[in-house]
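What the coordinates show
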Amino acid sequence: MAPTPRRRPGTVRFGDLEVSVQTTVLAAGAIVWLGIVVANTGGSGVAATWTNASFPALLLVATGLVRSIRTRLTVRLFLLGGLMLSIALVGAWGFERVVSDPGATSRDVVVPLMEETLKLAPLLYLLWRWRRRRAQALGASDVLVMAAAVGAGFALVEDAFIREAVGWARTLPLLPATEYAANGFGERLIVGHAMWTALAGATMGLALLLVGLTLRGFVIGLSGYAVSALDHMANNLSNGGHARLLNDLMLRGRLPLYLFLAATVACIAVDLMVTTTTLPKEPELKAPASAADPTGPAARFAFARSRRGLAFAAHRYDRTSHEARGAIRPLLVELTAALAGTHTAVQHRPGPVEPDAPDQVE
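In this section: the overall build of the chain. Regarding its fold elements, the chain presents 11 helices and five strands. Buried residues in the chain amount to 44% of all 362 residues. Within the structure as shown, the chain displays about 18300 Å² of accessible surface, and the carbon and sulfur contribution to it stands at 66%.

This is the structure:
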């Protein structure tokens with residue numbers, strides 16, 4: 001019998017499966033988190049989980065031909081969304097200690113602003129952390145999906161308890177996390193946290209890819225956040241002329257839906273244009289023939305993601321100033337070398353992995 005391979009640092013082994021400690025901790029936390037929700041809300045918690053998880057899943061499918069991020073990143077962001085809800089609950093509790101009147105208009109303004117900001121915090125942190133490298137290889141659809149995942153995770157617990165307490169009204173087809181509900185001004189559409197955050201992410205992604213960090217880019221990037229925050233306020237406000245005006249301005253919840261659909265189509269269209277027209281038609285930048293690649297579809301998907309990332313980075317390189325190109329050039333060289341190396345590895349691959357070699361999961 002072949003000796004068991006040595007465990008890599010920072011990983012945990014389950015039989016032949018090697019998993020990173022970070023993934024193990026996240027998985028354990030998710031099981032506890034979802035278990036508590038379901039234990040307290042029963043079937044409502046199950047319904048809230050699948051309805052909210054279906055939204056980023058739908059976007060993952062819709063953007064499958066243009067994304068450069070992995071599915072597992074969206075899962076992690078979904079879990080981070082749940083963490084941000086916990087922080088929002090603490091913030092709302094603190095604000096209510098200052099403003100004790102439950103009918104105060106300030107509550108219906110400050111709390112939505114706080115929640116919409118907190119939902120974007122994980123995304124903004126990653127973009128800042130990746131600003132010198134990985135962010136240069138992101139497309140508009142990547143930012144859209146990342147934001148949607150955080151928003152969906154944020155919504156899960158809140159929706160579970162709403163479903164448990166008062167039920168859930170009719171929804172839009174394919175978007176079960178939405179809801180038609182009545183307020184003081186008649187029926188309105190509540191698109192929900194996931195779509196509010198996705199709209200903010202879509203405009204941010206388009207601005208970063210097409211305009212960059214300019215004044216115009218900030219205006220475009222923040223436009224989705226502004227609409228989402230205003231619609232969130234309109235949903236919470238229930239009386240007064242200003243509340244009616246804001247509800248009418250938001251078309252009773254339909255404006256963010258229309259803008260989200262338009263922004264999503266724009267993200268996919270722009271990313272498709274960039275990924276199909278930016279790179280030269282060199283053989284090293286084309287996916288290896290499936291017959292020559294014994295690792296199967298997974299390797300081809302990874303190659304396609306890397307190629308899209310290279311296209312997004314090249315697009316930014318072509319559109320930026322001469323001084324700023326120095327920061328993107330090393331990433332272009334690295335991604336190009338990796339893609340070319342894939343072809344070399346396929347041509348000289350000795351054969352399939354030995355049966356007793358463990359699977360690797362980061």
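Additional details are given in the paragraphs that follow.
Our next topic: the packing of aromatic side chains. Counted according to the given criterion, the structure contains two aromatic pairs. Geometrically, the ring pair formed by Phe55 and Phe260 is tilted, given 5.6 Å between the ring centres and 40° between the ring planes. Linking Phe55 in helix α2 (residues 43–62) with Phe260 in helix α9 (residues 254–277), this pair joins segments that are 205 residues apart in sequence. Look at Phe55 and you get buried, because its relative accessible area is 6%. For the ring pair Tyr125 and Trp128, a centre distance of 6.5 Å and an interplane angle of 35° mean the geometry is tilted. Taken as a pair, Tyr125 and Trp128 lie in helix α4 (residues 105–129) at a separation of three residues, close to a single helical turn. Across from the ring centre of Phe154, 5.7 Å away, lies the NZ or CZ of Lys119, which sits over that ring. Lying across the ring of Tyr180, Arg170 places its NZ or CZ 4.0 Å from the centre.

With that settled, the discussion passes to the nonpolar core. Phe55, Leu123 and Met146 are the most contacted members of the largest nonpolar core, which totals 83 residues. Ignoring anything within four residues of it in the chain, the contact list for Met146 reads Ile69, Leu73, Leu77, Leu123, Leu126 and Trp130.

This part takes up the packing of α9 against helix α10 (residues 297–319). Between α9 and α10, the least distance of the axes is 8 Å, while the angle of their chain directions is 95°. As summarised for this structure, α9 and α10 are arranged roughly perpendicular, according to the angle between their axes. Facing α9, whose interface residues are Asp271, Val274 and Thr275, α10 presents Arg307, Arg308, Ala311, Phe312 and His315. Grouping the constituent residues of the contact of α9 with α10 by class yields three nonpolar, two polar and three charged.

This paragraph deals with the packing of helix α6 (residues 192–210) against helix α7 (residues 215–236). Two elements in contact, α6 and α7, have axes separated by 6 Å at closest approach and are oriented at 165°. Put simply, α6 runs roughly antiparallel to α7. For the element pair α6 and α7, the recorded crossing hand is right-handed. Here His193, Trp196, Leu199, Ala200, Thr203, Met204 and Ala207 of α6 come into contact with α7, specifically with Gly217, Ile220, Gly221, Ser223, Gly224, Tyr225, Val227, Ser228, Asp231, His232 and Asn235.

In this model α10 runs 33 Å from its N-terminal to its C-terminal C-alpha over 23 residues, within 8% of the 33 Å that 1.5 Å per residue would give. Taken together, the buried positions of α10 are Phe303, Arg308, Gly309, Leu310, Ala311, Phe312, Ala313, Ala314, His315, Arg316 and Tyr317.

Once that is clear, we can look at the side chain of Asp159. With respect to the helices and strands, the residue Asp159 is situated in helix α5 (residues 140–166). Buried charge without a partner: Asp159 forms no salt bridge, and the closest opposite charge is Arg163, 5.6 Å away.

The next thing to look at is the environment of Glu96. Along the polypeptide, Glu96 turns up in helix α3 (residues 71–98). C-alpha separation for the pair Glu96 and Arg107, spaced 11 residues apart in sequence, amounts to 7.8 Å.

By the secondary structure assignment, Arg188 is in strand β4 (residues 186–190). Judged by its relative accessible area of 1%, Arg188 falls in the buried class. Among the polar contacts made by the side chain of Arg188, one reaches the side chain of Asp231 at a distance of 2.9 Å. Residues in contact with Arg188, not counting those within four places in the same chain, are Glu179, Tyr180, Ala181, Asn183, Asp231, Ala234, Asn235, Asn247, Met250, Arg252 and Gly253.

A word on the environment of Asp108. Of note, Asp108 is situated in helix α4. Through-space distance from the C-alpha of Asp108 to that of Asn236 is 5.5 Å; in sequence the pair is 128 residues apart. Filtering out sequence-adjacent residues up to four positions away, Asp108 remains in contact with Met233, Asn236 and Leu237.

Before going further, it helps to spend a moment on the pattern of salt bridges. Close approach of charged atoms allows side chains with opposite charge to pair. Scanning all chains against the criterion turns up five salt bridges. Salt-bridge contacts for Arg107 lead to Glu96; the nearest nitrogen and oxygen are separated by 3.9 Å. One end of the pair, Arg107, is in helix α4; the other, Glu96, is in helix α3, with 11 residues separating them in the sequence. Residue classification places Arg107 among the buried positions, given a relative accessible area of 14%. As a salt-bridge pair, Glu334 and Arg133 come within 2.1 Å of each other at their nearest N and O atoms. In this pair, Glu334 is assigned in helix α11 (residues 325–347) and Arg133 in the loop between α4 and α5, connecting sequence segments 201 residues apart.

The subject of this paragraph is unusual backbone geometry. Positive phi, normally seen in glycine, also occurs at Leu174, with a value near 70°. You can see Leu174 is positioned in the loop between α5 and β3 (179–183). A residue is classified by how much of its surface remains accessible, and Leu174, at 71% relative accessible area, is exposed. Backbone geometry at Leu251 places phi at a positive 55°, although glycine is not the residue there. Considering the arrangement of structural elements, one finds Leu251 in the loop between α8 (241–249) and α9. For Leu251, a relative accessible area of 42% gives the class partly exposed.

Reading the values: the criteria
Residues numbered from 1 in each chain as written. Predicted model: local features only at pLDDT ≥ 70, side-chain atom pairs only at ≥ 80, totals over all residues. Heavy atoms only, no water. Helix = DSSP H or I, 4+ residues; strand = E, 2+ residues; numbered from the N terminus. Buried < 20%, exposed > 50% of the residue type's maximum accessible area, 1.4 Å probe, protein only. Areas by Shrake-Rupley, 256 points an atom, 1.4 Å probe, with all protein chains shown as cover. Phe/Tyr/Trp six-rings, centres within 6.5 Å; stacked < 30°, edge-to-face > 60°. Lys NZ or Arg CZ within 6 Å of the ring centre and 35° of its normal. Core = buried A, V, L, I, M, F, W, Y, C linked by side-chain atoms within 4.5 Å. Contact = heavy atoms within 4.5 Å. Axes fitted to C-alpha atoms, helices over the stretch in contact; angles between N-to-C directions. Parallel < 35°, antiparallel > 145°, perpendicular 65-115°, else oblique. Nonpolar A, V, L, I, M, F, W, Y, C, P; charged D, E, K, R; others polar. Left-handed = near helix turned anticlockwise from the far one by under 90°. Expected span 1.5 Å × (residues − 1). Lys, Arg positive; Asp, Glu negative; His and termini not counted. Salt bridge = Lys/Arg side-chain N within 4 Å of Asp/Glu carboxyl O. Polar contact = N/O pair within 3.5 Å; in protein donor to acceptor, adjacent residues only side chain to side chain.

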